[in-house]
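A closer look at the structure
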Amino acid sequence: MPRVKGRKANPEGRMALKEHLIEARNRLFKSGIALVIGTVIGFFIYNPVLEALSEPVRNINEIDGRNAALNFDGVGSPFDLMIQISVFLGLVIASPVWLYQLWAFITPGLRVKERRIALGFIAVAVPLFIAGLYLAWLILPSAVRVLTDFTPAGFANLISVPVYITFLLRLMLAFGIAFLLPVVLFGLNLVGVIKGKQVLKSWRITVFLICLFAAMAAPGGDAMSMFYLAVPLLLLFFVAIGLCLLNDKRREKRNAERDADIEANADTPSRLDEV
């Protein structure tokens with residue numbers, strides 16, 4: 001009799017600890033390969049990206065007429081900066097790969113229909129991540145202008161390039177990860193870790209934390225910068241809650257049907273009992 005393999009032999013996707021570790025190693029290896037390829041691509045587009053990243057500082061001189069300049073403070077700083085930006089670009093370019101590998105590792109036991117929903121939702125994760133980066137890029141000029149306004153009159157603002165790029169990349173990465181949180185929330189609901197009602201009960205503290213994060217991550221001159229970040233995050237959060245509630249209702253219905261079938265089969269007498 002031929003041996004059954006794959007999902008048919010293991011419909012629930014259960015694995016031993018050793019198999020989990022092997023799968024984690026394989027998925028990390030695939031993610032690492034994608035990151036290396038993305039980093040190599042980042043090396044080739046490093047110069048135009050650096051030119052675009054330094055534009056907010058150049059605009060300070062052209063628009064506001066103040067003395068601000070980016071400078072390197074060490075012999076090896078230009079090379080270190082190239083590595084840093086290239087790795088960040090590699091992380092962005094390889095995001096479809098490592099996001100999928102992460103999702104596939106977390107949700108190996110989902111049913112076919114749930115896996116289709118999960119894959120459809122994870123397909124939204126990459127645009128959300130990029131949207132967070134883009135929103136940070138839109139807010140950056142305002143943030144740089146506000147922060148450099150504290151420079152006293154008669155002083156020049158010589159900004160260290162590594163410090164400036166580190167600030168910029170952390171800001172963009174924070175925005176990108178923040179936009180991924182609804183995906184993580186829905187993923188935890190799919191695997192049964194949390195329920196939609198549990199998240200809905202804590203909506204007040206969640207709204208407060210989102211607004212606090214927006215206020216800290218978007219240091220604009222007025223409340224508009226905070227508004228531009230908080231509103232998309234709040235919308236994504238409540239959309240994720242809605243999807244979690246729908247998934248919970250579908251899961252409860254499926255469990256009720258299964259329990260009804262078990263109870264009906266238990267009440268039906270077998271042929272042996274009839275004899």
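Our structure is the block above this text.
Report on the accompanying structure.

Observations concerning the environment of Leu233
Positionally, Leu233 belongs in helix α10 (residues 223-267). Leu233 sits 54 residues away from Phe179 along the chain, and the two C-alpha atoms are 6.5 Å apart. Those residues in contact with Leu233 that sit more than four places away from it in its chain are Ala178, Phe179, Ile210 and Phe213.

Re the side chain of Ser95
Turning to its location among the elements, Ser95 is positioned in helix α5 (residues 95-106). Look past the residues within four positions of Ser95 in its chain and what remains in contact with it is Val126 and Phe129.

Brief notes about the packing of aromatic side chains
All told, the structure shown has two aromatic pairs when counted by the stated rule. For the ring pair Trp98 and Phe129, a centre distance of 6.1 Å and an interplane angle of 85° mean the geometry is edge-to-face. Taken together, the residues span a long stretch of sequence, with Trp98 in helix α5 and Phe129 in helix α6 (residues 112-148) at a distance of 31 residues. According to the relative accessible area criterion, Phe129 is buried, its value standing at 1%. Between Phe237 and Phe238, the aromatic rings sit 5.2 Å apart at their centres with planes inclined by 70°, giving edge-to-face as the arrangement.

Side note on a positive patch on the surface
Residues Lys195, Lys197, Lys201 and Lys249 make up a contiguous surface patch of positive charge. Positionally, Lys197 belongs in helix α8 (residues 196-201).

Here we look at helix α4 (residues 77-93)
Over its 17 residues, α4 runs 24 Å from end to end, which matches the ideal 24 Å to within 8%, given 1.5 Å per residue. Restricting attention to buried positions, one finds in α4 the residues Ser77, Leu81, Ile85, Ser86, Phe88, Leu89, Gly90 and Val92.

About the cut-offs
Residue positions are given per chain, counted from 1 along the sequence in the order it is written. Reporting in this predicted model follows two pLDDT cut-offs: at least 70 for local features of residues, and 80 or more for side-chain atom pairs to be given and counted; totals over whole chains, interfaces and linings ignore these cut-offs and use all residues. The side-chain numbers reported here are obtained from all heavy atoms of the structure, hydrogens and water having been left aside. Under the scheme used here, helices are H or I runs from DSSP no shorter than 4 residues and strands are E runs no shorter than 2 residues, and both carry numbers assigned from the N terminus. Should any heavy atoms of two residues lie within 4.5 Å, those residues are counted as being in contact. Only Phe, Tyr and Trp rings take part, Trp by its six-membered ring, and two of them pair if their centres are within 6.5 Å. Stacked means planes under 30 degrees apart, edge-to-face means over 60, and tilted covers everything else. Exposed residues in this analysis have more than 50% of their type's maximum accessible area, buried residues have under 20%, and partly exposed residues fall in between, with area computed by a 1.4 Å probe over protein chains only. A patch consists of residues exposed above 30% relative accessible area that lack any salt bridge, with like charges linked at up to 9 Å and nonpolar side chains (Val, Leu, Ile, Met, Phe, Trp, Tyr) linked at up to 5 Å. Accessible surface area values rest on a Shrake-Rupley calculation with a 1.4 Å probe, where residue burial reflects the displayed protein chains alone. A pair is scored as a salt bridge if a Lys or Arg side-chain nitrogen falls within 4 Å of a carboxyl oxygen belonging to Asp or Glu. The sign given to each residue is positive for Lys and Arg and negative for Asp and Glu; His and the chain ends receive no count. To locate a charge, the coordinates of NZ of Lys, CZ of Arg, CG of Asp or CD of Glu are taken. Here a helix's expected span is defined as the number of its residues, less one, multiplied by 1.5 Å.

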